[in-house]
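# Inside the fold
Listed here are the chains, written in short residue letters.
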Amino acid sequence: MSLLSQKTLKKTATFSGVGLHNGKFAKVLVKPSEPNTGIVFKRVDLQSNNYVYPSFSNVTNTLLNTTISNEHGVKVSTIEHLMGALFGLGIDNALVEINNEEIPILDGSAKEFIEILKSCGLEKSEAPIKIIKIQKKITYYQGEKFISIEPSKLSLDINFKLKFENCLIGNQENKVNVYEDDLLDIFNSRTFCLFDDVEKIKEKGLAKGGSLNNAIVVKGNEILNSEKLRNPKEFVNHKILDCIGDLYTSGYRIIGSVNCSQGGHFLTNQLLKKVFDNKENFSIIEIQERNLPHTILNKTLLKSIA
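Here we summarise the structure given alongside this text. (Residues numbered from 1 in each chain as written. Predicted model: local features only at pLDDT ≥ 70, side-chain atom pairs only at ≥ 80, totals over all residues. Heavy atoms only, no water.)

On to the overall build of the chain. A count of helical and extended segments in the chain gives six helices and 21 strands. For the chain, whose C-alpha radius of gyration is 19 Å, the value lies close to the compact-globule estimate of 19 Å for 306 residues. Principal-axis analysis of the C-alpha atoms places the extent of the chain at approximately 55 × 45 × 35 Å. By the burial criterion, 55% of the 306 residues in the chain qualify as buried. The long-range share in the chain, meaning contacts at least 24 apart out of those at least 6 apart in sequence, stands at 72%. Element-wise, carbon and sulfur atoms account for 47% of the exposed surface of the chain, whose accessible area totals about 13900 Å². Between the mean site of the 38 positive side-chain charges and the mean site of the 35 negative ones, the chain shows a separation of 3 Å. (Helix = DSSP H or I, 4+ residues; strand = E, 2+ residues; numbered from the N terminus. Rg over C-alpha atoms; globule rule 2.2 N^0.38 Å. Buried < 20%, exposed > 50% of the residue type's maximum accessible area, 1.4 Å probe, protein only. Contact = heavy atoms within 4.5 Å. Areas by Shrake-Rupley, 256 points an atom, 1.4 Å probe, with all protein chains shown as cover. Lys, Arg positive; Asp, Glu negative; His and termini not counted. Charge placed at Lys NZ, Arg CZ, Asp CG, Glu CD.)

Given below as structure tokens:
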């Protein structure tokens, strides 16, 4: 967010690896794209009807990942870590080509996505960025779990709470300002599960590609991986990574304050649906000045295009 013009990659980024849930090898090319095209996924293993748009309204599955589908039933799954990396780097436009259904899990975090995307460099355009500004507080509840978003001046804040009976994970909480804070710990934090849940997950046909190389597995008060925690709040930080990636299915960056307790892909998706169900809940603003750091924006530089 250092400059307020839309950005894409200078050159193509390449990723490959196994899918966490389908266990199949996939290759991904993230290619530069024109201004105002947004993020678009293309299934290159299919000959037709193969474009899938990462919109909250196209999310068709939120069980342990975020899956998007088009009107022809073509899917791309586990998009959240790549979407989080694109959001965090301020990449507005990109064509994501994939030769299978599921984005590779890599090491279970966004670390490699960030490193390779950054190494490709960013190309700035003349087109101004567009931002969703939250106007009213919206909350979605699921039992004792909840997620809310409310107006914020110029930031996207995410406050996330985890509550686990497991003594090692326990109760964790962290808050980040997505546009201002160093998000290295967020991007480096891996997905995780309890050892006792592994068989249940596999019985559902998931985690076929899961291993200690791409997920933290917790058994009692022990981490089974040889690589222990990368940061003290890795569990909740991974949930924040997921949340950032899922929020990008809104289409643009967001100005608002998110508060979540025990949430995940489903709650974030339901929150976005509730926000965009009423035009009074949000506005879309276009930043007209291109070279001004967003921290010193004022309302005279914003033009409503809602």
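Now that the structure has been shown, the text picks up again.
Let us now look at the packing of aromatic side chains. Tallied over the full model, the rule gives nine aromatic pairs. A ring pair is formed by Phe56 and Phe276, whose centres lie 5.0 Å apart and whose planes are at 20 degrees; its orientation type is stacked. Of this pair, Phe56 sits in the loop between strand S5 (51–52) and strand S6 (59–61) while Phe276 sits in the loop between helix H6 (265–275) and strand S20 (282–287); the two residues are 220 residues apart in sequence, bridging distant segments of the chain. In terms of burial, Phe56 and Phe276 fall into one category: buried. Cluster of aromatic residues (ring-pair linked, three or more members): Phe56, Phe276 and Phe282. A cation sits over an aromatic face here: Lys219 above Phe195, 4.6 Å from the ring centre. (Phe/Tyr/Trp six-rings, centres within 6.5 Å; stacked < 30°, edge-to-face > 60°. Lys NZ or Arg CZ within 6 Å of the ring centre and 35° of its normal.)

At a minimum axis separation of 9 Å, helix H1 (residues 80–88) and helix H2 (residues 111–120) run at an interaxial angle of 40 degrees. By the angle class used here, H1 and H2 are oblique. Classified by chirality, the crossing of H2 by H1 is right-handed. For the pair H1 and H2, contact is made by His81, Leu82, Ala85 and Leu86 and by Phe113, Ile114 and Leu117, respectively. (Axes fitted to C-alpha atoms, helices over the stretch in contact; angles between N-to-C directions. Parallel < 35°, antiparallel > 145°, perpendicular 65-115°, else oblique. Left-handed = near helix turned anticlockwise from the far one by under 90°.)

Counted according to the given criterion, the structure contains ten salt bridges. Of the charged contacts, one joins Asp45 and Arg43 as a salt bridge, the two residues approaching to 2.9 Å between their closest N and O atoms. Judged by relative accessible area, which is 33%, Asp45 ranks as partly exposed. Assessed through its relative accessible area of 8%, Arg43 is described here as buried. Between Glu234 and Arg190 there is a salt bridge, with its nearest N and O atoms 2.8 Å apart. (Salt bridge = Lys/Arg side-chain N within 4 Å of Asp/Glu carboxyl O.)

Another aspect to go through is the pairing of strand S17 (residues 216–219). Across three bridges, the pairing between strand S16 (residues 192–194) and S17 is parallel. Paired with Phe192 across the bridge in S17 is Ile216. In the classification by handedness, the crossover that spans S16, the intervening helix H4 (residues 198–203) and the parallel S17 is right-handed. Taken together, the two bridges between S17 and strand S18 (residues 222–223) define a ladder with antiparallel strand orientation. Directly across from Val218, in S18, lies its bridge partner Ile223. Remark: two residues form the turn of the hairpin made by S17 and S18, two consecutive strands paired antiparallel; Gly220 in that turn has positive phi of roughly 65 degrees. (Pairing = 2+ DSSP bridges. Right-handed = clockwise from strand over helix to strand, strands pointing away.)

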